[in-house]
Amino acid sequence: MRKPQKAAVSRVGSTSENLVIGGGLAGGVAAIRLAGAGRDVVLLEKEARPHHKVCGEFLSPEAVEYLRQAGVDPLSLGAARIRLLRLSVKNSLLETELPFTALSLSRCVLDEALLVRAEEMGCRVRRGASAEQLVQSDDTWHVELGGGETERAHTVFLATGKHDLRGWNRSPGRHNDLVGFKLHWQLAPKQTEALRDFMELFLFRAGYGGLALVEGDMANLCLVVRRSELRRLGTWNELLTAVLDENRQMRLRLGGAKALWERPLAISSIPYGYLSSKREGVWCVGDQAAVIPSFTGDGMSIALHSGALAAEMYMAGASAAQYHRALESQLKRGMSLATSLSRFMVTRVGRELAPLGLSVAPNAMGWIARATRIPEGALLSAPRQMRVDASALS
Ligand SMILES: Cc1cc2nc3c(=O)[nH]c(=O)nc-3n(C[C@H](O)[C@H](O)[C@H](O)COP(=O)(O)OP(=O)(O)OC[C@H]3O[C@@H](n4cnc5c(N)ncnc54)[C@H](O)[C@@H]3O)c2cc1C
């Protein structure tokens with residue numbers, strides 16, 4: 001690991017040069033790149049301790065590469081490898097190889113590693129610091145924190161992910177009637193082995209979901225369900241019972257499994273398809289800039305890419321508006337395809353046609369995976385001052 005750096009830019013009174021609001025992947029990587037270049041940067045994270053997040057925890061190769069560039073190696077944190085995909089609908093099953101090797105690591109471990117890294121690079125990380133309000137006066141941004149304190153900065157990177165800051169609401173996206181759930185399980189030993197190397201995707205009447213191992217052989221179950229179906233079913237227990245009744249594969253996997261938390265985490269009104277280009281002078285990164293449907297497994301790579309791109313464009317002298325336009329043009333095509341597919345997948349016709357389509361054209365999964373990813377030419381390499389670190393990781 002690199003030695004801590006001293007922030008090179010002095011503060012104007014207590015006004016910092018850069019303020020990152022939100023310590024998830026997007027905020028973490030933006031802070032690491034800025035601090036790595038010797039910039040003055042403060043990061044606010046509302047949670048005081050490492051915490052779980054609603055996420056399928058599937059790390060695409062692009063996400064893994066951005067993490068390594070930032071000095072975080074998921075494999076050394078215990079990530080599981082994923083090489084194969086198994087799709088199940090009712091009683092039918094289909095297996096295919098992924099066109100790449102992916103990894104899977106809990107967000108609780110991953111996001112914490114990025115925050116520790118940001119601190120090592122010289123960023124001042126404030127935990128348990130929740131931004132309540134963001135306003136600009138003259139050339140300075142004022143951020144009110146819960147507790148009455150104020151942080152001031154010349155530039156703000158908005159990285160609050162799934163949570164909108166008051167007055168900074170995102171538009172609802174093109175597919176916004178889904179609710180997300182996540183729960184870690186300890187599967188029966190035989191089922192753990194059967195799941196190894198796989199991402200299992202399930203389509204069911206209420207929506208779709210994924211199951212994969214993370215570090216320590218725990219299994220992460222993540223579901224997205226239509227709100228109307230959830231209302232019809234009532235509670236999480238009833239939803240799970242309905243899905244298990246309908247999907248033989250999930251029933252098999254969870255047979256004899258122990259839920260590791262009392263209740264699942266949940267997130268409602270996910271604005272799938274949201275892609276911002278206008279947010280008045282603030283650099284929006286991660287889910288604050290773009291929300292791609294979860295089945296693509298690409299949200300984290302977009303979060304990391306946008307955080308890195310914003311930091312690099314800012315340091316190269318670009319404006320926030322130029323950054324948003326660049327990001328939008330890079331993501332527009334994949335986002336549009338993924339959102340249309342997501343809407344189709346949760347219909348009865350989509351559910352019934354998916355296995356048929358994949359058995360007729362087994363390469364379709366690979367094609368969809370490629371078509372919805374960040375275009376290769378848009379991906380950034382490690383900044384010069386961080387290259388030695390990244391190559392030391394293997
Ligand atoms: C159901 C579901 C499944 C998914 N599965 C996958 C998957 O398998 N693979 C994949 O690549 N992507 C997946 N995603 C997408 C992925 O989770 C997100 O794209 C990613 O987490 C975005 O990162 P972020 O840094 O923008 O936000 P977040 O990870 O949400 O981080 C935001 C951070 O900001 C903090 N914060 C919020 N408000 C404030 C505030 N006011 N002040 C200070 N701090 C604040 C939060 O505590 C949090 O730590 C999934 C998403 C969902 C909903």
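Residues numbered from 1 in each chain as written. Predicted model: local features only at pLDDT ≥ 70, side-chain atom pairs only at ≥ 80, totals over all residues. Heavy atoms only, no water.

## A few points about the pattern of salt bridges
We apply this condition: Every case where a carboxyl oxygen of Asp or Glu lies within 4 Å of a side-chain nitrogen of Lys or Arg is listed as a salt bridge. Relative accessibility decides the category of a residue: with a 1.4 Å probe and only protein chains considered, values under 20% of the type maximum give buried, values over 50% give exposed, and everything between is partly exposed.
For the structure shown, the criterion picks out 24 salt bridges. Residue E47 is joined to K46 by a salt bridge in which the shortest nitrogen-to-oxygen separation is 3.1 Å. Owing to a relative accessible area of 30%, E47 belongs among the partly exposed residues under this scheme. With relative accessibility at 42%, the residue K46 sits in the partly exposed group.

## Quick look at the site of the ligand
This is how it is decided: Nearness is judged by heavy atoms alone; a residue qualifies as near a molecule or strand once a single heavy atom is within 4 Å of it. Any pair of nitrogen or oxygen atoms within 3.5 Å is treated as a polar contact; in protein, a donor-acceptor pairing is required on top of that, and neighbouring residues in sequence qualify only through side-chain atoms on both sides. Note that accessible areas follow from Shrake-Rupley with a 1.4 Å probe, and for residues the cover is restricted to the protein chains shown. Put simply, DSSP H or I for four residues or longer makes a helix, DSSP E for two residues or longer makes a strand, and each gets a number counted from the N terminus. For this classification, the nonpolar set comprises Ala, Val, Leu, Ile, Met, Phe, Trp, Tyr, Cys and Pro, the charged set comprises Asp, Glu, Lys and Arg, and every other residue, Gly included, is treated as polar.
Around the ligand, the surrounding shell holds 38 residues, and the nearest of these are E45, G56, R107, D287 and M300. One of the backbone N or O atoms of K46 is found 3.1 Å from a nitrogen atom in the ligand. The contact in question runs from an oxygen atom of the ligand to an N or O atom on the backbone of M300, over 2.7 Å. Burial of the ligand by the protein chains amounts to 96% of its free accessible area of 1,000 Å². Those elements that provide at least two residues to the shell around the ligand are α1 (25-36), β2 (41-45), β13 (219-226) and α8 (299-315). A total of three residues in the shell around the ligand trace back to one element, the largest contributor, which is α8. Residues that form the shell around the ligand fall into these classes: 16 nonpolar, 13 polar and nine charged.

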